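Each chain, letter by letter, is given below.
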Amino acid sequence: MSKETGVSPKDEDEIDLRELVGLLIDRKWWIIGITAAFFVVSVAYALLATPIYQARSMVQVESKAPSIPGLPDLSSLGGGVTSAAATTEIALITSRTVIGDAVDSTHADVVIEPARFPLIGGFLARRFSPETPDAVGSPWFGLSRYGWGGEHVEIVGMTVPATWENEPLTLRVGDDASRFSLFGPDDQLLLEGTVGTDAEGGGVRLQVAALRANPGTRFEVTKLRRLDVVAGYQQDVNASEQGRESGILQLSFEHPDPQFAQTFLQAVASAYVRQNVERNSAEAGAQLEFVREQLPTVRLQVEAAQKAMNEYQTRANSVDITMQTQGLLQQEVAVETSIQQLRLQQAEMDRSFTREHPAYRALLKQIGELEARKAGFQKQVGELPDTQQELLTLTRDLQVSNELYTGLLNQAQQLDVARAGTVGNVRIVDPAVVDTLRPVKPRKSLIVLIGTLLGGFLAVGLVFLQRALHAGIEDPAQIEELGLPVYASIPLSESRDLLVMDRLRNRRGRVRRDPGFDKRQHLLAVNAPADLAIEAIRSLRTSLHFAMLEAKNNILAISGPRPAVGKTFVSANLAAVIAQAGQRVLVIDADMRKGSLHKVLGVAQTSGLSDVLGGKLEATEAIRAAEGVANMDYMVRGDIPPNPSELLMHPRFGQMLEALSKQYDLVIVDTPPILAVTDAALIARHAGSSLLVTRFGVNQPKEILLTKKRFEQNGVQVKGVIFNAVEKRATGYYSYGYYEYKADKA
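Below, the structure is looked at part by part. In this text the structure is predicted, and so the values were computed from the model without any measurement. (Residues numbered from 1 in each chain as written. Predicted model: local features only at pLDDT ≥ 70, side-chain atom pairs only at ≥ 80, totals over all residues. Heavy atoms only, no water.)

### Quick look at the overall build of the protein chain
Part 1 of the argument: The secondary structure content of the protein chain amounts to 23 helices and 20 strands.
Part 2 of the argument: Relative to its full complement of 746 residues, the protein chain shows a buried share of 43%.
Part 3 of the argument: For the protein chain, the share of sequence-separated contacts (at least 6 apart) that also reach a separation of at least 24 residues comes to 79%.
Part 4 of the argument: Summed over all atoms, the accessible surface of the protein chain reaches about 38,900 Å², with 52% contributed by carbon and sulfur. (Helix = DSSP H or I, 4+ residues; strand = E, 2+ residues; numbered from the N terminus. Buried < 20%, exposed > 50% of the residue type's maximum accessible area, 1.4 Å probe, protein only. Contact = heavy atoms within 4.5 Å. Areas by Shrake-Rupley, 256 points an atom, 1.4 Å probe, with all protein chains shown as cover.)

### A closer look at the sheet that holds strand β17 (residues 632-635)
Part 1 of the argument: Strand order in the open sheet made by the eight strands is β13-β20-β19-β14-β18-β15-β17-β16, with mixed pairing throughout. Single-partner strands in this sheet number two, and they are β13 (486-491) and β16 (624-625).
Part 2 of the argument: Packed onto the sheet, helix α16 (residues 567-580) meets β13, β14 (555-559), β15 (585-589), β17, β18 (666-670), β19 (689-695) and β20 (720-726) and runs at close to 165 degrees relative to β18. (Pairing = 2+ DSSP bridges. Axes fitted to C-alpha atoms, helices over the stretch in contact; angles between N-to-C directions.)

### A word on the pairing of strand β10 (residues 238-241)
Side chains on a regular strand alternate between the two faces of the sheet.
Part 1 of the argument: Of the strand pairs in this sheet, β10 and strand β11 (residues 248-255) are connected by four bridges, and their pairing is antiparallel. Residue pairing in the sheet places A239 in a bridge with L251 of β11.
Part 2 of the argument: What sits between β10 and β11 in their antiparallel hairpin is a turn of six residues, with G243 showing a positive phi close to 85 degrees.

### Points about the nonpolar core
Part 1 of the argument: By size, the foremost hydrophobic cluster in this structure holds 43 residues, and its most contacted members are I588, L609, M635 and M656.
Part 2 of the argument: Residue contacts for M635: discarding those within four places in its chain leaves L586, V587, I588, D589, L597, G608, L609, A619, A622, I623, M656 and L660.
Part 3 of the argument: A488, L523, A626 and V629 belong to the second-largest nonpolar core, a separate cluster that totals 42 residues. (Core = buried A, V, L, I, M, F, W, Y, C linked by side-chain atoms within 4.5 Å.)

### Brief notes about the side chain of D611
Part 1 of the argument: Position of D611 among the secondary structure elements: in helix α18 (residues 609-613).
Part 2 of the argument: One buried charge, D611, has no salt-bridge partner; the nearest side chain with opposite charge is K616, at 4.3 Å.
Part 3 of the argument: Once you skip the residues sitting within four places of it in the chain, D611 turns out to touch T606, K616, L617, G638 and D639. (Lys, Arg positive; Asp, Glu negative; His and termini not counted. Salt bridge = Lys/Arg side-chain N within 4 Å of Asp/Glu carboxyl O.)

### Considerations on helix α15 (residues 532-547)
Part 1 of the argument: Given a rise of 1.5 Å per residue, 16 residues ought to cover 22 Å, and the 23 Å separating the end C-alpha atoms of α15 matches this to within 8%.
Part 2 of the argument: Considered for burial, the residues of α15 that qualify are L532, A533, I534, A536, I537, R538, L540, L544 and A547.
Part 3 of the argument: Packing partners of the buried residues in α15 comprise β13, α14 (524-527), β14, α16, β19 and β20.
Part 4 of the argument: Between the side-chain oxygen at the start of α15 and the backbone nitrogen of A533 there is a gap of 2.8 Å, and the oxygen is on D531. (Expected span 1.5 Å × (residues − 1). Polar contact = N/O pair within 3.5 Å; in protein donor to acceptor, adjacent residues only side chain to side chain.)

### What about unusual backbone geometry?
Part 1 of the argument: The linkage connecting K441 with the following residue, P442, adopts the cis geometry, with an omega of -10 degrees.
Part 2 of the argument: Relative to the helices and strands, P442 is located in the loop between β12 (426-434) and α11 (444-469).
Part 3 of the argument: The backbone of D187 sits at a positive phi, close to 65 degrees, despite the residue not being glycine.
Part 4 of the argument: Tracing the chain through its elements places D187 in the loop between β5 (179-183) and β6 (189-194).
Part 5 of the argument: The phi torsion at A564 lies on the positive side, around 65 degrees, for a residue other than glycine.
Part 6 of the argument: Note on placement: A564 falls in the loop between β14 and α16.

Right, dumping it as structure tokens:
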């Protein structure tokens, strides 16, 4: 609690919600203005921004690739996976190979942009409606170098030196729309050419397949580095699975040119299907090569078995196989044939799988089971007579070799056919298509909404930031918490006289020019006596009457912490209202550096206080009567002296004040700001009372405390504060509230 005022200071950390809401309401026009500006910018951006179109396509990845005739289905061996995971297929779609094929087929590594008029050129070009398919927009304002809509250039081949990759070149249409010129980065002519033919020059080769534009139109042509283009489009092409394990992939691609977006995405889908087919065809080719490698070996086995059989029959004179041996032979041949086929599969799988692969292990298991059966048959064969055993073995080898050779021949023929007519397990369900009526970007309504909200949030943030950085006092209670009573709170007036005075020097100290100002009087007490500010000054007059009863003299010093707080306004108008009450008043402009009393009264600044203190004039010669205000005299500052402080310290100043105080009921001295110079302290030591003028929203508490301390260090006790230029706030106070109370008109 303050010892001097008995007022408990407000907790600095306390958040006053009412004050915050009031602050926003007080700055409502500023907030509305910033929000409106963001709204206008958002609308302009939404209208002028280049629309982005999205191409969409759908492909299906079948869960199982079609079987290749003549090849065993390895999935039947157990543990095999035939359908690629969605993530794998997505990676294949966005692979450098697939995207690179699409870039090459669409010539996407060559970027062509027509020159547009700044800001609005693109907007006008997009809204051009051709009357015929090949029409182009007529140049506006005769500016034929810009494209105004309908322009088209198709380049099917372009090579540039490596140092010019990613460097924009300029293509200019000739007087004949079928001819063109190409200029380098330094505007040097590289080549001239005709549509449909190759043109070379300056290390550049260019083939333009189609050209539609006004003569003189310029295009920016850039040959991009292929690897950079492919990497960029790998990021731009999006693929996602529609539904879990559905095998349906949704492809999308966004681009400002809807035709290019559709063409490019279709090229991506086609390249993906093509590489899938080529992958399956390569698999069939590899199988065919393996089968052809095995055929000579198996043929030699057949020939060896046939030779051994012939030799045995010649030696044994055609011994026949018994019925029992015949049955055993058929079973053993079947098992041995299966074993040989599985061995071939094993040799093929060695090229694709490790021995730990489930399919490979299942194959070994089957071979082991057949080998066990074969061992059982061989045990039975061992019980036969020697002649039958040998005949059975030779016959078995011959039949197994024949069947294996015949099977390989059939597989070779089937694989040859399969390789030529391979069908992949991927197909395009929906070709690429673009909705040209509904671009995906910019989302105009969302942009306007976000922009407007951003503007509102920014405006509110700036209000709070300004308040935090410039926390000037807006409530007189804050002044009283500092131990200084508030004698009056003067509302801010809208009167022209006050506005002119207030704008002589704004809050940043810049002088405002007002032609003819020196010829007019701007005393608010005279020109607008019913103004609320004057009513407040009349209240101050009453308070001073009692406050100065115990003062040592009738001299009143009025000062302030800094310039532009309204000291001169208060001094002049206080003198006027006291004079209007019948007392003789003298107001002295003691700010010999920047005093402005002469501007308020509409007189010249010469022949004033500085001249009196310098000994050039007598005080009576510098005192003049105020025009239109009886009983009010004034003394302006005079010419600016080189040593104002020294003049105020001269005994002549104190003697002058003492003499004048006897001639007037009240002497008001308008002093310089105390924190700027020491003059105010020198003057206040001669005064019986001293008042401090502070301005609403300008002076901060620490600034007022420092002002009070500065006066006290010089032996001056500040009686109180005049709170000037108080503005109406949403929180409902005028600071001690002053209400308009005018007389009714008759």
